[in-house]
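Next come the chains, spelled out residue by residue.
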Amino acid sequence: MVIENILLWVGLLIFVSVISSKLSDKFAIPVLLLFLAIGILTGSEGLGGLYFNDPQAAKSIGIVALIFIIFSGGLDTNWKETRPVIGPGIVLSTAGVLLTAVITGFFAVYILKFSFLEGMLLGSIVSSTDAAAVFTILRSKRISLKDPLKPLLEFESGSNDPMAVFLTAGFISVLTVKGMSIAALIPRFFLDMGMGAFIGYLMARFIVFFINRLKLEYEGLYPVIMISFVLLTYVIAVFLKGNGILAVYLAGLMIGQAEFPNKKMIKRFHDGIAWLMQIAMFVTLGLLVFPSHIIPLMGAGLLLTFLLIVVARPLSVLLCLLPFKISARKKTMVAWVGLRGAVPIILATFPFVAGIPQADTIFNIVFFVVIASVFIQGTSIPVLSTILRLEVPFGAKKNYPIEFEKTEAIDAELTDMIVPFESQAVGRRIGDLNVPEKCLIVLISRDGKFVIPSGSTVIESGDVLLVLANAADFAALQQTLAQLKKEGE
């Protein structure tokens, strides 16, 4: 293929993938399925007839994509919400993944007639979850989940991939390296995770320190240099025998909580990069699969998916969350939303590259399990959240025509607050209110329009005030607005 043909295909696939995301919002179809479907339809057994059968290339694309997706996930994590669930989150992302892998592995041994190690390899590949599909579905239905479900699921899905990668690579080593035993994975685990966490921590501190002192003439270069830092974080960790995925996630998590120039622009850029990587990864994996190879395995795949959904995942969640004060309804929800996603399909390319005899069967089974998991669990999440009474209205973030970036030089943030309908501030001018001296009402959102306020602007019920203030002054203004009218006023 000449370069123009390649660019034509790339442009068309990206365009169709982005447009298809509208279907995800409208019909609550997980975007993962749409991207995979585009890849399958474009492949040699689909309408496009594009032949692609290069597991090594697919693995390389998948790893690069995963690096940026994981980093973006860490960067967008809200630490204030995540901190209370850090304990159960870590247990789920380590012990939970291990238990799911082992239980599913035993099922694979009996259903697929695999050897013990091949069963454990398959179990490891499908052991991690992808909550991104969950929140896509909930967003399309305009509902969310009660605390602590949302931060717990987000943290688990972002942090459990390193464990799945470790287990997959570990069992491949046991299968391919002569004389290596499963016991050898124990010291490797501590080196892998410990070095990954250490490099992630060091790189995050260095990146924040460096960016805060870097005075680039062109703002557009800040996201570019962040790309280099992300790649270096992964590579350095891997070179030092650490877990590169864990290093990247931890670096993103720490950087996301720090203050540095052009932070909002960098976060938006990496959000876009993450979406591009998801499209590239899913479409590539869709191209790699041959539907005719999956059809003979559908019976075994469906049985394995069923056991994963109703036995392996719930049992691992129940055991892991036993020490924590989480209600049975919430544990049930955590167990059910353990959707498989992109990572299992990427990991399913590893056995191909390693020359595992059952690689083709493993890849096709994993592909089917992911699709079935997303379809069965994904479409039933809104119904189950209603039955369990765990849904809350989805709080859509309002966009304002003003942006403010907090830095170390200023102790203030731009935050919005709504004026209660019975507030004593309603009908009064801003100048007559007890507004803290260093608290600035920058903008008012009213009836779908924006009002630039002055001291003579009259507050109306339901107004949304965009306020520039520090935490103490913002709390004081909130208290003022919270005071309700007395009867007879």
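See the structure printed just above.
One structure accompanies this document, and this report is about it. (Residues numbered from 1 in each chain as written. Predicted model: local features only at pLDDT ≥ 70, side-chain atom pairs only at ≥ 80, totals over all residues. Heavy atoms only, no water.)

### Looking at the side chain of N160
Just so we agree on the cut-off: Secondary structure is summarised from DSSP: a helix means a run of H or I of at least four residues, a strand means a run of E of at least two, and numbering begins at the N terminus for each. Only heavy atoms enter the contact rule, under which two residues are in contact if any of them lie within 4.5 Å.
Structurally, N160 can be placed in the loop between α8 (149-159) and α9 (161-176). Ignoring anything within four residues of it in the chain, the contact list for N160 reads S93, V97, S128 and T129.

### Observations concerning the sheet that holds strand β6 (residues 464-469)
Defined as follows: For two strands to pair, DSSP has to find at least two bridges joining them. Axes here refer to lines fitted to C-alpha atoms; in helices the fit is confined to the stretch in contact. Angles between the N-to-C directions go from 0 to 180 degrees.
Spatially, the four strands line up as an open sheet ordered β3-β6-β4-β5, and their pairing is antiparallel. With partners counted over all chains shown, the strands left at the sheet margins are β3 (413-418) and β5 (449-451), one partner each. Direction aside, the axes of adjacent strands within the sheet are offset by 25° on average. With six bridges connecting them, β3 and β6 associate as antiparallel partners. Within β6, the position partnered with D416 by the bridge is L466.

### A word on unusual backbone geometry
Condition: A simple rule labels every residue: compare its accessible area, found with a 1.4 Å probe on the protein chains alone, to the largest value its type can have, and call it buried under 20%, exposed over 50%, or partly exposed in between.
Phi angles above zero are rare outside glycine, and N262 is one such case at about 60°. Relative to the assigned elements, N262 resides in the loop between α12 (244-257) and α13 (263-288). With relative accessibility at 12%, the residue N262 sits in the buried group. Even without a glycine there, the phi angle at R389 is positive, about 60°.

### Comments concerning the environment of A300
Within the secondary structure, A300 sits in helix α15 (residues 298-321). When residues no more than four places from it in sequence are discounted, the contact partners of A300 are I111, L112 and I365.

### Observations concerning empty space enclosed by the protein
Put simply, the rule is: Residues are called lining when one of their atoms sits within 4 Å of a cavity or pocket point, these points coming from a 1 Å grid over the protein atoms alone, where a cavity is a set in which a 1.4 Å probe fits but cannot get out and a pocket is an open set with protein on both sides within 12 Å along at least five of seven lines. Grid points are joined across faces, edges and corners, and a volume is the space filled by probe spheres set on the points.
Per the stated rule, a full pass over the model turns up one cavity of 30 Å³ or more. Of the pockets and cavities examined, the largest cavity occupies roughly 50 Å³. What lines the largest cavity is L92, G96, V97, T100, S127, T129, E156, N160, R313, S316, V317 and R340. Elements that contribute at least two residues to the lining of the largest cavity include exactly α5 (86-112) and α15. Sort the elements by how many residues they give to the lining of the largest cavity and α5 lands first, with four residues.

### Observations concerning the side chain of T82
Residue placement: T82 occurs in helix α4 (residues 79-82). Taking relative accessible area as the criterion, T82 reaches 3% and is therefore assigned buried. With residues near it in sequence (within four places) discarded, T82 still touches T77, P151 and F155.

### Observations regarding the packing of α8 against helix α16 (residues 328-336)
Formally: Should the near helix be turned anticlockwise from the far one by less than a right angle, the crossing is termed left-handed; should it be turned clockwise, right-handed. Side-chain classes are defined by residue name, with Ala, Val, Leu, Ile, Met, Phe, Trp, Tyr, Cys and Pro counting as nonpolar, Asp, Glu, Lys and Arg as charged, and the others, Gly among them, as polar.
It is the contact of α8 with α16, at a shortest axis distance of 11 Å, that shows an interaxial angle of 35°. Once α8 is placed against α16, the crossing between them reads as right-handed. Packed against α8, whose contacting residues are L149, L152 and L153, the element α16 presents K330, M333 and V334 at the interface. Tallied by class, residues from the contact of α8 with α16 come to five nonpolar, no polar and one charged.

### Notes on helix α11 (residues 221-239)
Applicable threshold: An expected span of 1.5 Å times one less than the residue number is assigned to each helix.
With 19 residues, α11 ought to run about 27 Å at 1.5 Å a step, and its terminal C-alpha atoms sit 27 Å apart, in line with that. Looking one or two residues beyond α11, the residue adopting positive phi is K241, at roughly 65°.

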